[in-house]
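# Observations on the model geometry
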Amino acid sequence: MANDLTRRGTLAALAGGAALALAPRAAQALTEAQARDLVQSLVDDINAVIASGKPEAAMYRDFERIFATYADVPTVALYTLGVDGRAATDAQKRAYIDAFRGYIARKYGARFRDFIGGRLEMEGVRRIKSYYQVRTTAYLRGEDPFFVDFQVSDRSGEPRFFNMFIEGVNMLLTEREEIGAMLDRRGRDLDRLIADLRTMG
Amino acid sequence: MTRDARHERRSVAAATLVAALLALAGCSVAPEDAGPVHDPYEAQNRAVHDFNRGVDRAVLRPVSRSFRGDPEAEPSDLAVVVVNFGENLGAPQQAVNRLLQGDLRRAGRNALRFTLNTTLGFGGLFDVAGDMGLAPDDTDFGETLYVWGVPEGAYQELPLLGPSTERRTAGRVVDIFTDPLGSVLSTEQRRAAAAARLAGRVIERGRYGGAVDSVLYDSADSYAQTRLIYLQNRRFELAGEDAAPSEADFTDPYEDLYGE
């Protein structure tokens, strides 16, 4: 009896979590300080991994984890599906978000590897519509510094970044195009894409 | 032919080219609602892209790897010297372009960098100006055209040179004819300069190897990814680091997905 209740409770929580992932709550007003705190803690985490001196493979895993922790992955994932996302079932959407989480974390985690031996520094925060854009500067070994910008929202229920720009290159736009091309190559078969994404990136 | 006559002929040729190319640059303007990419020459560009990718795979990539050695190592002293030498020879040209853009501060910085590096830096082998806090400043006549209000024009992928826009291509041609060093250097010196720039490209290819490989060889559509990444980055650089985030170019996934 108690077990049944627990199981039901767990299922309800899971279903609730899934619903939350697909349809974000109405936004509370995100403050500039929250946006800054989120990116500061992201930057601190990345710098800590860089400075940890761990073997590279362990660093990649850490970068993947950081990406999945700080990004609003469901929103990024569904945006990259474009119009194909509208025809997808809820089960497909959940499977896609899950596969995309690994793909995007591996891909951008691999780009963070270029940061080994360098560091990220916070610059400033700017408001854009109802969001905040937080600028950081990357100082890498033997290279001119460059900008990495994060756009932050709390529409997922908590502050997360939903887009990043490396020297002006927009992750959402670039990935939407790339996912679109992957779908083209697979005859717009979403299930095939989901299966393949699990090992890509 | 005297040097003056040669110089004059070159100036006339340059002026004619500028006029012709400005007309060309103006000929393909993106429709207002075209989105971020204006690419009417896509079929031809894709053929060039395949060619460039073949060259990269067969030559640039393997050579840059063998130059680079250990991928995690700091760039070698030789690589740094070659890159410095090539960059220094570009500084007078950049000073001229900054002047044409009305940016006296950066025109002066480039002129000073060239003077310091050519003298104290042993002919540009060492970037002593950079060590003094005068960071390198990259520009070109394409940027000058941007400052003058010339539209970007269509996207182009050029053989060997890679991604460009009509405006940037026009700028490249003008830069060939307006390099202040062009009339000063001997033929041998010009060859050395060209060799240094080419070697610099190989070294850069090695340095950004992972990122370039991922776009060229891991993308589902490497042409489209190269195009989008190039255009975004070029526009970002032209807008300058202090440009406010643009609401017009803002991607709002929440509105797109949830219609909020």
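Read on for an overview of the structure. Every chain's residues receive numbers from 1 upward, in the order its sequence appears when written. Throughout, the order in which chains and ligands are written sets their labels, letters from A for the former and numbers from 1 for the latter. Predicted model: local features are reported for residues with pLDDT of at least 70 only, side-chain atom pairs are reported and counted for 80 or more only, and whole-chain, interface and lining totals are derived from all residues. Excluded from the side-chain calculations are hydrogens and water; all other atoms, namely the structure's heavy atoms, are used.

Okay, the overall build of chain A next. We count a stretch as a helix when DSSP gives it H or I for four or more residues in a row; a strand needs E for two or more, and each element gets its number in order from the N terminus. Counting its secondary structure elements, chain A contains 8 helices and 5 strands. Seen in sequence order, chain A has helices and strands lined up from the N terminus as α-α-α-α-α-α-β-β-β-β-β-α-α. Accessible area is worked out with a 1.4 Å probe on protein chains only. A residue is then buried under 20% of its type maximum, exposed over 50%, and partly exposed in between. Evaluated residue by residue, chain A yields a buried proportion of 49% over its 201 residues. In what follows, a contact means two residues having at least one pair of non-hydrogen atoms within 4.5 Å. When contacts within chain A are restricted to residue pairs at least 6 apart in sequence, those whose partners lie at least 24 apart make up 55%.

Opposite the 42 residues of chain A that make contact, chain B presents 37 residues. In the sections that follow, a salt bridge refers to a side-chain nitrogen of Lys or Arg positioned within 4 Å of a carboxyl oxygen of Asp or Glu. Our enumeration of links across chain A and chain B arrives at 1 salt bridge. Of the charged contacts in the structure, one is a salt bridge between B:Asp256 and A:Arg176, with a shortest N-O distance of 3.4 Å. What qualifies as a polar contact is a pair of N or O atoms within 3.5 Å, subject to a donor-acceptor requirement within protein and to the restriction that residues adjacent in sequence count only when both atoms come from side chains. Counting across the chain A and chain B interface gives 12 residue pairs in polar contact (both at pLDDT 80 or more). Here the side of chain A that touches chain B gets 9 residues from one element, more than from any other, and that element is helix H7 (residues 171-185) of chain A. Under the convention adopted here, Pro, Cys and the residues Ala, Val, Leu, Ile, Met, Phe, Trp and Tyr are nonpolar, Asp, Glu, Lys and Arg are charged, and Gly plus all remaining residues are polar. Split by residue class, the side of chain A that touches chain B holds 15 nonpolar, 9 polar and 18 charged.

Residues and elements named next belong to chain B. Per the counting criterion, the structure on display carries 26 salt bridges over all chains. For the salt bridge of Arg61 with Asp213, the shortest nitrogen-to-oxygen distance reads 3.0 Å. Here Arg61 is found in helix H2 (residues 42-68), whereas its partner Asp213 is found in helix H9 (residues 209-218), with 152 residues between them in sequence. What makes Asp213 buried here is its relative accessible area of 13%. Residues Arg113 and Asp127 are paired through a salt bridge, measuring 3.2 Å at the closest nitrogen-oxygen approach. Separated by 14 residues along the polypeptide, Arg113 in helix H4 (residues 104-119) and Asp127 in the loop between H4 and helix H5 (128-131) bring together distant segments of the chain.

What follows concerns the packing of aromatic side chains. By convention here, two paired aromatic rings are described through the distance between centres and the angle between planes. Between 30 and 60 degrees the pair is tilted, below 30 it is stacked and above 60 it is edge-to-face, where a pair is any two Phe, Tyr or Trp rings, Trp via its six-membered ring, whose centres lie within 6.5 Å. In total, this model carries 15 aromatic pairs over all chains according to the counting rule given. Seen in terms of ring centroids, A:Tyr96 and A:Phe100 are 5.7 Å apart; in terms of plane orientation they differ by 40°. Their pairing is tilted. Of this pair, A:Tyr96 and A:Phe100 are both found in helix H6 (residues 90-112), 4 residues apart, which corresponds to roughly one turn of the helix. Each member of the pair, A:Tyr96 as well as A:Phe100, is classed as buried. Each ring, one from B:Phe141 and one from B:Trp148, has its centre 5.6 Å from the other, and the planes form 90°; the classification is edge-to-face. Through pairs of rings, three or more aromatic residues link up here, namely A:Tyr131, A:Phe162, B:Phe250, B:Tyr254 and B:Tyr258. For A:Arg135, the ring lying beneath its charged end belongs to A:Phe147, and the centroid distance is 3.9 Å. The ring of B:Tyr217 has B:Arg61 sitting right over it, with the charged end atom 4.5 Å from the ring centre. When the NZ atom of lysine or the CZ atom of arginine is within 6 Å of a ring's centre and also within 35 degrees of its normal, the charge is said to sit over that ring.

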